[in-house]
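Architecture at a glance
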Amino acid sequence: MIIPAVVLSSALLIGASGCKPKNAGDATGSDAAAKVYVPPGKYDEFYNFVSGGFSGQVSVYGVPSGRLLRVIPVFSVDPEKGWGFSEETKPMLNTSHGSVPWDDQHHLALSQTDGVIDGRWIFANANNTPRVARIDLTTFRTAEILEIPNTAGNHSSPFITENSEYVITGTRFSVPMDYEPGDVPIESYKKNFKGTVSFISVAPESGEMNVAFQLLLPGMNFDLSHTGKGPSSGWFFFSCYNSEQAHTLLEVNASKRDKDYILAVNWKKAEEYFKAGKGTKRPAKYAHNVYNDETHTATSTMNTEVTVMDVKDFPDIVYMIPCPKSPHGCDVDPTGEYIVGSGKLAALIPVFSFSKIQKAIADKDFDGDYEGIPVIKYEAALHGEVAKPGLGPLHTEFDDKGNAYTTFFISSEVVKWNVKNLNIIDRIPTYYSPGHLSIPGGDTKKPYGKYLIAYNKITKDRYLPTGPELSQSAQLIDISGEKMKLLADYPSIGEPHYAQSLPADLIKEKSVKIFKLDDNKHPYATKGEKESKVVRDGNKVHVYATMVRSHFSPDNIEGIKEGDEVYFHVTNLEQDWDVPHGFAIKGAINAELLVMPGETSTFKWIAAKPGIYPFYCTDFCSALHQEMSGYIRVSAKGSNVPIAFSLGKNSDPDAAAGTPTP
Ligand code: CUA
């Protein structure tokens, strides 16, 4: 059965060139420029958070301008911000595999209250070494990273419930569970490989995450998901592929069946069982890393246990709904009644009805089972199919007028259709081959249906050539009228997958401007220049340093010896917005630190050999930024140069010891 591969390869050609409109440059209307123009000094209307794919980070854009506002380091080290390089942030990248400096970041979920974006946090997945991060939207910093056990390829993640009770994740790769022998033949997939769906609880006030419980499922690939809302509140819908349970050449072997499944999960029921003490506690090892804004320090703890509930023992938690052709996106409309499945190789879009699904379950209108899970009859769950929408539907988001917008990778377009009557209303080409799309609030009860942003996989000829590697791109589309209008292109960081947006008003007033020095509880904080000092402790030396425009205290340090481990704990004494100072030393095998007002950060440096080492501030902080520097003297191992440190004790250049007087 080679057909799918053939379909795909010819389809790729279509995506790359066949659908290219002749006048791509004229595709925007003459009023497009005015619609995206945000005058200098004015703010954008929306924040747009975009996954960074293989960059491991999350980038933040203003919409409609497309201006890049910030790159938030999450799963990858970031020398620009000292993320993963300062002693305080190193624990954030800890995992059961040790420190991992990179990941592949695909999906984002803004926190919700009553199914509406509340602007508190945004959650991000790490696809490769399974983790979920929570980013605090007051600081735009990663506040927490939680590893997920019994998971491999955390792709179906993170998806949030209506009141942010849980962040839900599903494994992409089925594997033997961590608590069972992993050294098994790969061909024993059917017997030994399992899938899991994990429920990460989110504490209502602090947002702190914990793996509450996991559902053990048959081996297959879980792809994407969305929460129910309104009538489907308490349910979750996952797309699954590879129901063939192939473990080689998935391109062919996982595309054999006409239909795979959408897994419908009654999570309220699962939670009931969990709260009643059901499930089995299994040994596990997974890191939980939390950053504390008062100590400016992260801690990493290793968890050792997780509750696993085998769905075979809880038959009323999960059901399968057949879905054509390797489903990818699984999206629930704002009313909560309609669930849209998108088969990567399909030429139609099935839309399922939640009330029909409930009726089918009540009537046991099943078509056998899949590994013990009841399979609801396709027709019994179906609201209807969108006929001939395009080729290769991937993802759907919604506006506030009952319309759905679906990306088509193969035919390279976004198609607008009516959720109720399934009629196609409009289509617009994208350049080229879109993956995800994002409408502010477009997966919640309350979409802000003004803009749609398509994230394209291929950008051939859209930007000035930059060698073999081209930036991937976002395309901003106006969806305020009946017809969609292309407004602008802007390049993205890494590879964008899912993105989420929210009105700027939800968070801009809450944005932290400084860290209060008085509240700084870092154990090595130095809250005034007078307290700055250098303390030896065996071969470790702690430098309690301060930074203020435009000097360090101390800035002359002697008595460091070859082989010493020197910890520079630098506190930024500024209490004014937007005045960071940086710190770097010659020869250090480290990135710079960038320290925000009121914050303490620690730079570890091994004094490898005797000499004089300048250090300096890396951020242009004042007119005398270039003067913000100092010297460290490193002496031989056996030397008796005592620890000494000072600021402003300048010597008479002619009187200094050893200088011959003329
Ligand atoms: Cu401080 Cu430049």
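Cut-off values and rules
Residues numbered from 1 in each chain as written. Predicted model: local features only at pLDDT ≥ 70, side-chain atom pairs only at ≥ 80, totals over all residues. Heavy atoms only, no water. Helix = DSSP H or I, 4+ residues; strand = E, 2+ residues; numbered from the N terminus. Rg over C-alpha atoms; globule rule 2.2 N^0.38 Å. Contact = heavy atoms within 4.5 Å. Areas by Shrake-Rupley, 256 points an atom, 1.4 Å probe, with all protein chains shown as cover. Salt bridge = Lys/Arg side-chain N within 4 Å of Asp/Glu carboxyl O. Buried < 20%, exposed > 50% of the residue type's maximum accessible area, 1.4 Å probe, protein only. Polar contact = N/O pair within 3.5 Å; in protein donor to acceptor, adjacent residues only side chain to side chain. Pairing = 2+ DSSP bridges. Axes fitted to C-alpha atoms, helices over the stretch in contact; angles between N-to-C directions. Domains from an automatic or database assignment. Buried area = accessible area lost by both parts, 1.4 Å probe. Nonpolar A, V, L, I, M, F, W, Y, C, P; charged D, E, K, R; others polar.

1. Considerations on the overall build of the protein chain
- Secondary structure summary: the protein chain contains 7 helices and 45 strands in total.
- Taking 662 residues into account, the globule formula puts the C-alpha radius of gyration at 26 Å, and the protein chain, at 28 Å, falls close to it.
- Taken over the C-alpha atoms alone, the protein chain extends approximately 100 × 65 × 45 Å along its principal axes.
- In the protein chain, of all internal contacts separated by at least 6 residues, the share reaching a separation of at least 24 is 63%.
- As presented, the protein chain carries roughly 26800 Å² of accessible surface, and 54% of it is formed by carbon and sulfur atoms.

2. Notes on the pattern of salt bridges
- What the rule picks out here adds up to 32 salt bridges.
- A salt bridge links lysine 190 to glutamate 371, with the shortest nitrogen-to-oxygen separation between them at 2.7 Å. Here the residue lysine 190 occupies a position in helix α3 (residues 189-192), and glutamate 371 occupies one in the loop between β23 (366-370) and β24 (373-376), the gap between them amounting to 181 residues.
- Among the residues examined, lysine 190 registers a relative accessible area of 54% and is labelled exposed.
- Residue class for glutamate 371 comes out partly exposed when judged on its relative accessible area of 33%.
- A salt bridge links lysine 508 to aspartate 505, with the nearest nitrogen and oxygen atoms 2.7 Å apart.
- What emerges from the salt-bridge pattern is a single network uniting Asp31, Lys35 and Asp478.

3. As for the side chain of threonine 406
- With respect to the helices and strands, the residue threonine 406 is situated in strand β27 (residues 403-408).
- Take threonine 406: its relative accessible area is 0%, and that puts it in the buried class.
- Looking at threonine 406, its side chain comes within polar contact range of the side chain of threonine 396, at 2.8 Å.
- Non-local contacts of threonine 406, meaning those with residues more than four positions away in its chain, are made with Ser342, Ile349, Pro393, Leu394, His395, Thr396, Glu413, Val414, Val415 and Trp417.

4. Looking at the sheet that holds β27
- One open sheet holds the 4 strands; their spatial order is β26-β27-β28-β29, and the pairing between them is antiparallel. Looking at the sheet topology across the chains shown, the edges are occupied by β26 (393-398) and β29 (424-429). When the angles between neighbouring strand axes are averaged without regard to direction, this sheet yields 20 degrees.
- In this structure, β26 lies alongside β27, joined through 4 bridges in antiparallel fashion. Bridging across to β27, phenylalanine 398 finds its partner in alanine 404.

5. Things to note about the side chain of glutamine 214
- Along the chain, the position of glutamine 214 falls in strand β13 (residues 209-218).
- For glutamine 214, a relative accessible area of 0% puts it in the buried group.
- In this structure the side chain of glutamine 214 is engaged in a polar contact, spanning 2.9 Å, whose partner is the side chain of asparagine 150.
- Not counting chain neighbours up to four residues away, the residues in contact with glutamine 214 comprise Ile148, Pro149, Asn150, Thr151, Thr196, Val197, Ser198, Val306, Thr307, Val308 and Met309.

6. A short note on the domain arrangement of the protein chain
- Domain assignment breaks the protein chain into domain 1 (47-510) and domain 2 (519-646).
- A separation of 43 Å is found between the C-alpha centroids of domain 1 and domain 2.
- With 14 residues of domain 1 at the interface, the matching set in domain 2 holds 17 residues.
- Together domain 1 and domain 2 conceal approximately 1200 Å² of surface at their shared face, both sides included; 47% is due to carbon and sulfur atoms.
- Here domain 1 and domain 2 share 2 salt bridges between them.
- Lysine 521 is paired through a salt bridge with glutamate 294; the nearest N and O atoms lie 3.5 Å apart.
- Where domain 1 touches domain 2, the interface holds 6 residue pairs in polar contact (both at pLDDT 80 or more).
- Of the residues contributing to the side of domain 1 that touches domain 2, the split by class is 3 nonpolar, 5 polar and 6 charged.

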